[in-house]
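Survey of secondary and tertiary structure
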Amino acid sequence: GPKVLQIPSHQIIDMGQMVTLNCDPVSNHLYFYWYKQILGQQMEFLVNFYNGKVMEKSKLFKDQFSVERPDGSYFTLKIQPTALEDSAVYFCASSGDDTQYFGPGTRLLVL
Amino acid sequence: GQQVQQSPASLVLQEGENAELQCNFSSTATRLQWFYQHPGGRLVSLFYNPSGTKHTGRLTSTTVTNERRSSLHISSSQTTDSGTYFCALSPNTGYQNFYFGKGTSLTVIP
């Protein structure tokens, strides 16, 4: 079936540094999402993105977070600066009219 | 926001037994999807099922929209079914921010 790719699969960084998580969504999808999952806990919505704009974001989407998709390339989540509580698995997803497809996640560890 | 309650929180089955996983939600769900998360973390979509009944292999999903509930039935469970099953809902018709339940952790023992 359709695949969403995420790069990198793992990232370890020091607190305060910047990190960019990359997502390659399904090619004909128009809606893009980021979710956060702390180990052993449920998936939580962060933000969605459509037509070059953030449509909705949750309270977890802090001011240090930003998303963009320049020129139809990767859909990115940037965290600057990172904090210890940002350690989690970040899942990218994309959708067309119905089914939402998820990437394999990027495991972020902030030290 | 949307509240999604899944039950049971965990379940242990002998291989070959059937499982019934429940999902109840607090308000109208335009979109509903069941996911399976591998023990390693990868998330797989099982069903997009906002209403009615769908089958694939040993899995059956039934959503009763006006009763705000959905179920996932696994028949003749196998050890490879072990993992976490999530129900996720969106009230939106366009972009679909999913609200996830806390999941049901299934362990199938041989």
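Position numbers for residues count from 1 along each chain, tracking the sequence in the order it is written. Think of it this way: whatever chain is written first is A, whatever ligand is written first is 1, and the rest follow in order. Residues qualify for local features only when their pLDDT is at least 70, as the model is predicted, and side-chain atom pairs are given and counted only at 80 or more; totals for whole chains, interfaces and linings, by contrast, use all residues. The basis for every side-chain value is the complete set of non-hydrogen atoms in the structure, without hydrogens or water.

Points about the state of the cysteines
Residue and element names in this part refer to chain B. Throughout, a disulfide means two cysteine sulfur atoms within 2.5 Å of one another. A complete count under the given rule lists 2 disulfides over all chains for this structure. Paired through a disulfide, Cys-23 and Cys-87 show a sulfur-sulfur distance of 2.0 Å. Taking the torsion about the S-S bond as the criterion, the Cys-23 to Cys-87 disulfide, at about -65°, is left-handed. With Cys-23 in strand 3 (residues 19-25) and Cys-87 in strand 9 (residues 83-90), this pair connects stretches of sequence that are 64 residues apart. Secondary structure is summarised from DSSP: a helix means a run of H or I of at least four residues, a strand means a run of E of at least two, and numbering begins at the N terminus for each.

Some thoughts on the side chain of A:Ser95
As for its position among the elements, A:Ser95 is in strand 9 (residues 88-95). Counted as a polar contact is a pair of N or O atoms within 3.5 Å, where, for protein atoms, one must be capable of donating a hydrogen and the other of accepting one, and residues adjacent in sequence contribute only when both atoms are in side chains. Among the polar contacts listed, one links the side chain of A:Ser95 to the side chain of A:Tyr33, at a separation of 2.7 Å. The contact criterion used throughout is that any non-hydrogen atoms of two residues lie within 4.5 Å. Setting aside residues no more than four positions away along its own chain, A:Ser95 makes contact with A:His29, A:Leu30, A:Tyr31, A:Tyr33, A:Gln100 and B:Gln96.

A word on a nonpolar patch on the surface
Nonpolar side chains (Val, Leu, Ile, Met, Phe, Trp, Tyr) are joined into patches within 5 Å and like charges within 9 Å, using only residues with over 30% relative accessible area and no salt bridge. Shrake-Rupley sampling with a 1.4 Å probe provides the accessible areas, and residues are treated as covered by the protein chains on show and by no other component. Each reported salt bridge corresponds to a side-chain nitrogen of Lys or Arg within 4 Å of a carboxyl oxygen of Asp or Glu. Among the surface-exposed residues, A:Ile12, A:Leu109 and A:Leu111 lie close enough to one another that they form a single nonpolar patch of about 290 Å² accessible area. If you trace the backbone, A:Leu111 turns up in the segment after strand 11 (106-110).

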